[in-house]
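Overview (structure and organization)
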Amino acid sequence: MGAPITLYVDSQFLSPYAMSVYVALTEKQLAFEVRPIDLSAGEQRMQPYQCRALTARVPALTHDDFNLTESSVIEEYLEEVFPPPKHAALYPQGIRERARARQLQAWLRSDLGALRQERPTETVFYGATGQPLSDEAHAASAKLIQVASYLVGVGQTTLFADWSIADLDLAVMLKRLTQDDLPDPLRAYADAQWQRPSVRQWLEHNAAARD
């Protein structure tokens, strides 16, 4: 039996970054415990969580006696500790394709701030669109569509030959937009990610948190 793994997520199961790590662990078929953190109560800034989460954010991963935060870093760690072919791959095997996947993850986490602010993940999971987008968010939306359209062709359901964790991260960002805003290939691509069993499991947690 391997060292225990614990994933700390927000108690509402709304964080796209917690979702990304949850899906990564599930895709690798690793046994792990999920522990919710109440962000509204400030639990992320309290002990003992701060001892486990250096940056006081979710998600956080505990693997045996090692603690790690920041979702894409956690996923790279999982890929190295539980590598393919024994465990499912989270990243493409080709060096350039793997770099492209990591580039996309870094960009999605560091850019498009106006879109993330005006279309929070309640939009993704609850379908509430809120107010019309500002000019800044419209510009971010146009940039997202431009980049995604370059990477995703008609009928394409994965960025590379096989699924990668970057597919989920891109789909979550695309789903911040309304269905009418998305070109048909991008809408079909994002919807295809939502059908993965690992993603459906997270959505079940999200639905249960609302009840």
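Conventions and cut-offs
- Residues numbered from 1 in each chain as written.
- Predicted model: local features only at pLDDT ≥ 70, side-chain atom pairs only at ≥ 80, totals over all residues.
- Heavy atoms only, no water.
- Domains from an automatic or database assignment.
- Contact = heavy atoms within 4.5 Å.
- Buried area = accessible area lost by both parts, 1.4 Å probe.
- Salt bridge = Lys/Arg side-chain N within 4 Å of Asp/Glu carboxyl O.
- Helix = DSSP H or I, 4+ residues; strand = E, 2+ residues; numbered from the N terminus.
- Buried < 20%, exposed > 50% of the residue type's maximum accessible area, 1.4 Å probe, protein only.
- Pairing = 2+ DSSP bridges.
- Axes fitted to C-alpha atoms, helices over the stretch in contact; angles between N-to-C directions.
- Parallel < 35°, antiparallel > 145°, perpendicular 65-115°, else oblique.
- Left-handed = near helix turned anticlockwise from the far one by under 90°.
- Nonpolar A, V, L, I, M, F, W, Y, C, P; charged D, E, K, R; others polar.

Turning our attention to the domain arrangement of the protein chain. Taken domain by domain, the protein chain consists of domain 1 (5-88) and domain 2 (95-198). Of note, the centres of domain 1 and domain 2, computed from C-alpha atoms alone, are 22 Å apart. Taken residue by residue, the interface counts 15 residues in domain 1 and 17 residues in domain 2. Ranking the residues of domain 1 by area buried against domain 2 places L14, M19 and E27 at the top, with a combined share of 37%. Remark: the boundary between domain 1 and domain 2 carries two salt bridges. Notably, a salt bridge pairs R196 with E27, separated by 2.9 Å at the nearest N-O pair.

Under the criterion given, the structure shown has nine salt bridges. Between D111 and K143 there is a salt bridge, with the nearest N and O atoms lying 2.5 Å from each other. One end of the pair, D111, is in the loop between helix 4 (95-110) and helix 5 (113-118); the other, K143, is in helix 7 (residues 135-151), and 32 residues separate them in sequence. On the basis of relative accessible area, K143 is assigned to the partly exposed category, the value being 37%. With its nearest N and O atoms 2.2 Å apart, the salt bridge here joins D184 to R187.

So, on to the sheet that holds strand 3 (residues 60-63). Strands sit in the order 2-1-3-4 across an open sheet of four strands; the sheet is mixed. Sheet topology places strand 2 (33-37) and strand 4 (66-69) at the edges, where each strand pairs with a single neighbour. Mean inter-strand twist for the sheet, computed between neighbouring axes without regard to direction, equals 20°. Across five bridges, the pairing between strand 1 (residues 5-10) and strand 2 is parallel. If you follow D10 over to strand 2, its bridge partner there is I37. Contacting strand 1, strand 2 and strand 3, helix 1 (residues 16-27) runs over the sheet at an angle of about 150° to strand 1. Across the sheet, helix 3 (residues 71-81) is in contact with strand 3 and strand 4; its angle to strand 4 comes to roughly 135°.

On to the environment of D191, then. Relative to the helices and strands, D191 resides in helix 9 (residues 184-194). On the accessibility criterion, D191 (30% relative accessible area) is partly exposed. Not counting chain neighbours up to four residues away, the residues in contact with D191 comprise K175 and Q179.

What follows concerns the pairing of strand 4. Note: strand 3 against strand 4, four bridges, orientation antiparallel. Looking at the pairing, L61 lines up with L68 of strand 4. Counted along the chain from strand 3 to the antiparallel partner strand 4, the turn is two residues long, and its residue D64 has a positive phi close to 60°.

Glancing now at the packing of helix 8 (residues 165-174) against helix 9. With their axes 9 Å apart at the nearest point, helix 8 and helix 9 run at an angle of 120° to one another. The orientation of helix 8 relative to helix 9 falls into the category oblique. For the pair helix 8 and helix 9, the sense of crossing is left-handed. Residues A166, D167, L168, L170, A171, V172 and L174 of helix 8 form the contact with helix 9, whose participating residues are L186, Y189, A190, Q193 and W194. Taken together, the residues of the contact of helix 8 with helix 9 sort by class into 10 nonpolar, one polar and one charged.

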